[in-house]
Amino acid sequence: MTSSPQRLSGAAPEPPAGLTRFNTSKDGAALAALHEVCASSAWGSKLLARRPYATVEALFDASDAAMAELTAEDLAEAMAGHPPIGRPKPGDPTSSREQRGMAGASEELKAEMLERNLAYQDRFGHVFLICATGATGEQMLEALKARIGNSPEQEREIIRTELGKINRIRLTRLAEEGE
């Protein structure tokens, strides 16, 4: 009777291949990968400084901590990396994938989203940012309608939360690349 090797109790599981690659990448390559996740240079620098990460959860915790420390200027830099909802960057598979819920939206919904996006940008001076992954066009439009009446301070904190969600989704992809 043969037995298969068993993991010693308490032994940590191997980190995903992408996380190992990120942990061992040269600083420039790792920073470039982080910039693909979030355009805030302050956020990227904070995550880079805390390498290596034993787990994806540790990477998430560092991301959340860095996000909480971002200034209004850092948040503006992060938002600049996001296209308006309904208008993903041409040739950018990430924004197209994340905004998939708008792909099948009616022309009326797309037109209303564009109109309200412009009104939001006029009011706040930046794009409407929402974690669009898994959301329908209708859900995104409802969120936009609900948030346009917020104060700039309220909106900044909502954006911080939404960016955190987006970063976690993108960090998961980074950590799992090559799995």
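Just so it is clear, the structure is predicted and the values come from calculations on it, not from any experiment.

Trainee: Where do I start with the packing of helix H3 (residues 41–49) against helix H4 (residues 56–69) in this structure?
Mentor: A pair of packed helices can be characterised by two numbers: the angle between their axes and the separation between those axes. Where H3 meets H4, the closest approach of the two axes is 9 Å, and the angle between their N-to-C directions is 140 degrees. Our classification of the angle between H3 and H4 gives oblique. Once H3 is placed against H4, the crossing between them reads as right-handed. Every residue of H4 that contacts H3 at Trp43, Lys46 and Leu47 is listed here: Leu59, Ala62, Ser63, Ala66, Met67 and Glu69. Grouping the amino acids of the contact of H3 with H4 by side-chain chemistry returns 6 nonpolar, 1 polar and 2 charged.

Trainee: Any chance you could explain the environment of Pro152 here in plain terms?
Mentor: Assignment of secondary structure puts Pro152 in helix H10 (residues 152–176). Judged by relative accessible area, Pro152 falls into the partly exposed class, the value being 41%. Between the C-alpha atoms of Pro152 and Arg123, which are 29 residues apart in sequence, the distance is 8.7 Å.

Trainee: For this particular structure, what's the right way to read the pattern of salt bridges?
Mentor: If the charged atoms of two oppositely charged side chains come close together, the side chains can form a pair. Under the defined criterion, the tally for this structure stands at 10 salt bridges. Through salt bridges with shared partners, a single ionic network connects Glu112, Arg116, Glu142 and Lys145.

Trainee: Whenever I open this one, the side chain of Arg160 confuses me. Can you help?
Mentor: Along the polypeptide, Arg160 turns up in helix H10. Note on Arg160: relative accessible area 14%, which makes it buried. When neighbours within four sequence positions are excluded, Arg160 is seen to be in contact with Met67, Ala68, Glu69, Leu70 and Leu75.

Trainee: Please clarify how helix H9 (residues 137–147) should be interpreted in this entry.
Mentor: One turn of the α-helix equals 3.6 residues, which is why residues spaced by three or four share an orientation. Among all positions of H9, only Gly137, Met140, Leu141, Ala143, Leu144 and Arg147 are buried. Along the long axis of H9, the arc covered by the buried residues comes to 160 degrees, so they all point the same way. For H9, the elements touching its buried residues are helix H7 (100–103), helix H8 (107–124) and H10.

Trainee: Got a minute to help me understand the environment of Ile85 in this structure?
Mentor: Note on placement: Ile85 falls in the loop between helix H5 (72–79) and helix H6 (93–98). For Ile85, a relative accessible area of 5% translates into the label buried. When the C-alpha positions of Ile85 and Met140 are compared, they lie 8.1 Å apart, and in sequence the two are 55 residues distant. With sequence-adjacent residues up to four places away left out, Ile85 is seen in contact with Gln99, Met102, Met113, Asn117, Phe128, Ile130, Ala132 and Met140.

Thresholds applied
- Residues numbered from 1 in each chain as written.
- Predicted model: local features only at pLDDT ≥ 70, side-chain atom pairs only at ≥ 80, totals over all residues.
- Heavy atoms only, no water.
- Axes fitted to C-alpha atoms, helices over the stretch in contact; angles between N-to-C directions.
- Helix = DSSP H or I, 4+ residues; strand = E, 2+ residues; numbered from the N terminus.
- Parallel < 35°, antiparallel > 145°, perpendicular 65-115°, else oblique.
- Left-handed = near helix turned anticlockwise from the far one by under 90°.
- Contact = heavy atoms within 4.5 Å.
- Nonpolar A, V, L, I, M, F, W, Y, C, P; charged D, E, K, R; others polar.
- Buried < 20%, exposed > 50% of the residue type's maximum accessible area, 1.4 Å probe, protein only.
- Salt bridge = Lys/Arg side-chain N within 4 Å of Asp/Glu carboxyl O.
- Arc of directions from axis to C-beta.

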